[in-house]
Amino acid sequence: MAGTVTGKSAGTVTTAVKAAETADYETASKAVSITVNKTLKKPGNCHFIKWNSSKYTSCRIGWNKTEGAEGYETLLSWTDGSHANRTIVKSNVRCRDCTVHPQHVSQMMVRAFYMSGGQRKFGPWSNVEYITPSPTRLTAKNASSGTNLKMNISWNIIYGCNGYNVFLTTNPNGTWYWNQSTAVKATATSAVITRFRGSAIRKNTRYYVRIVTRRQRNGVFCTVPMPASNTYIGSFIISGKSESANVVNRDPKGEYIGNRNSKIFHHSWCASVRKMSDSNKVRFESRNDAIKGGYRPCKNCNP
Ligand SMILES: [Zn+2]
């Protein structure tokens, strides 16, 4: 019931507001009494679908249909519950793109609702799903002495996580090999690399590094979203003496540069790209685009 409160004293205002609230409550009760109350279930399979870019700022999340739902509310927040972001979506929508912080684990939940008396009536929240961005910055220090080859690597922290898995490969488009897990804390952002696939690491070999952020739920590690197979944080070549490591960082934009003359394409950080004249450069968003365009991968940077 709508009404205008005109009283000047606080007491008058309170009484008028209370009267309006009571009247509204009665109207609402009548509306409810002629509505069949539904029991909505939790939306099933609340899950992460994919990262929308290698910057880990946007991703797609999804869930299964809930019987009787007229819409859904998604709730994203950091793991401490702060920075909550609620969004209402239509009943025929089962996924949405959302913005997340690239240096924080986010948690997501979804619940269904139906309309009754002009109000949303919500069902229970789904289970919590974690969204775990990967680190994007690698630093490395070659700590070798003689034939004792050793690389100390470190990366930027992802707040709200429970440690990291380190993967290595010599071909970023091929198989990645688990190397080690760090301590179960977000601040454990370093590892020492001495071995690869059961053997000592070798000189003159480029090792590509991928870090996968881990997250626990009730003490058990969750399945966490993996970056695309060719996504990596950086790569290094090891030498026999302790020195500043030759770390090549992953192209943050995921760009590939082709040479119009040679029809060879490169990572944008490849030395060949620096030597190329601007008029010969062709930019590709993805490796596939370059190959479809008739370009061959460079044998040095192995894009
Ligand atoms: Zn190249």
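What you see as residue numbers is a count from 1 along each chain, following the sequence as written. Predicted model: local features are reported for residues with pLDDT of at least 70 only, side-chain atom pairs are reported and counted for 80 or more only, and whole-chain, interface and lining totals are derived from all residues.

Chemist: Got a sec to walk through the overall build of the protein? Specific residues and values, please.
Modeler: A helix here means a DSSP run of H or I that spans at least four residues, while a strand means a run of E at least two residues long, and both kinds are numbered starting from the N terminus. Tallying secondary structure elements over the protein gives three helices and 25 strands in all. Expressed as a percentage of the 303 residues in the protein, the buried residues total 31%. Excluding contacts between residues fewer than 6 apart, the proportion of contacts in the protein whose partners are at least 24 apart in sequence is 62%. Burial is judged by counting other C-beta atoms within 10 Å of a residue's own C-beta: 20 or more means buried, 12 or fewer means exposed, and anything between counts as partly exposed, with every C-beta placed from the backbone. Here contacts are defined at the residue level, using C-beta atoms placed from the backbone and a cut-off of 7 Å between them.

Chemist: Lay out the sheet that holds strand S25 (residues 296-297) in plain terms, naming residues and giving numbers.
Modeler: Strand order in this open sheet of four strands is S24-S22-S23-S25, and the pairing throughout is mixed. Because the sheet does not close on itself, it has two edges, and the strands there are strand S24 (281-284) and S25. The sheet contact formed by strand S22 (residues 256-259) and S24 spans four bridges and is antiparallel. Bridge pairing in S24 places Asn259 opposite Lys281. Following DSSP output, two strands are said to pair if at least two bridges run between them.

Chemist: Tell me what's going on with the pairing of strand S23 (residues 264-267), and back it up with residues and numbers.
Modeler: The sheet contact formed by S22 and S23 spans three bridges and is antiparallel. Bridge pairing links Ile257 to His266 in S23. Note that S23 and S25 share two bridges and pair parallel. Counterpart to Ile264 in the pairing with S25 is Arg296.

Chemist: Lay out the sheet that holds strand S5 (residues 95-99) in plain terms, naming residues and giving numbers.
Modeler: Taken together, three strands build an open sheet; the order of strands is S1-S2-S5 and the sheet is antiparallel. Both outer strands of the open sheet, strand S1 (47-51) and S5, are each paired with one neighbouring strand and no more. Taken over all neighbouring pairs, the strand axes of this sheet differ in orientation by 30° on average, direction set aside. Here five bridges tie strand S2 (residues 58-62) to S5, and the two strands are oriented antiparallel to one another. Note on definitions: angles span 0 to 180 degrees between N-to-C directions of axes, and those axes are lines fitted to C-alpha atoms, for helices only across the stretch in contact.

Chemist: Just give me the short version of the environment of Ile257, but keep the residues and values in it.
Modeler: Among the structural elements, Ile257 can be located in strand S22. Between the C-alpha atoms of Ile257 and Ala290, which are 33 residues apart in sequence, the distance is 8.4 Å.

Chemist: Could you give me a rundown of the environment of Lys55, with the residues and numbers involved?
Modeler: Relative to the helices and strands, Lys55 resides in the loop between S1 and S2. Classification of Lys55 as partly exposed rests on a count of 13 C-beta atoms within 10 Å. As for Lys55 and Thr136, which are separated by 81 residues in sequence, their C-alpha atoms are 7.4 Å apart.

Chemist: Describe the environment of Trp78, with residues and values.
Modeler: Considering the arrangement of structural elements, one finds Trp78 in strand S3 (residues 71-78). Sequence-wise, Trp78 and His104 are 26 residues apart; in three dimensions their C-alpha atoms are separated by 6.7 Å. If sequence neighbours within four positions are ignored, Trp78 has contacts with His83, His104, Ser106 and Gly160.

Chemist: Give a description of the nonpolar core that names residues and reports values.
Modeler: Residues enter a nonpolar core if they are buried, belong to Ala, Val, Leu, Ile, Met, Phe, Trp, Tyr or Cys, and are joined to the set through C-beta atoms within 7 Å. In this structure, Cys46, Cys59, Val105, Met108, Val110 and Ile131 are the most contacted members of the largest nonpolar core, which totals 22 residues. Secondary structure elements with two or more residues in this core: S1, S2, S3, strand S6 (106-116) and strand S8 (129-131). Split by domain, the residues of this core number at least three in each of domain 2 (47-131) and domain 3 (138-249). Grouped together as the second largest cluster of nonpolar side chains are 21 residues, Val166, Leu168, Val212 and Tyr232 included. Start and end positions for the domains come from either an automated domain assignment or a database one.

Chemist: With reference to specific residues and values, describe unusual backbone geometry.
Modeler: Although it is not a glycine, Asn45 adopts a positive phi angle of roughly 55°. Within the fold, Asn45 resides in the loop between helix H1 (10-33) and S1. In the Ramachandran plot, Tyr56 falls in the positive-phi region, its phi being about 60° despite a non-glycine side chain. Relative to the helices and strands, Tyr56 is located in the loop between S1 and S2.

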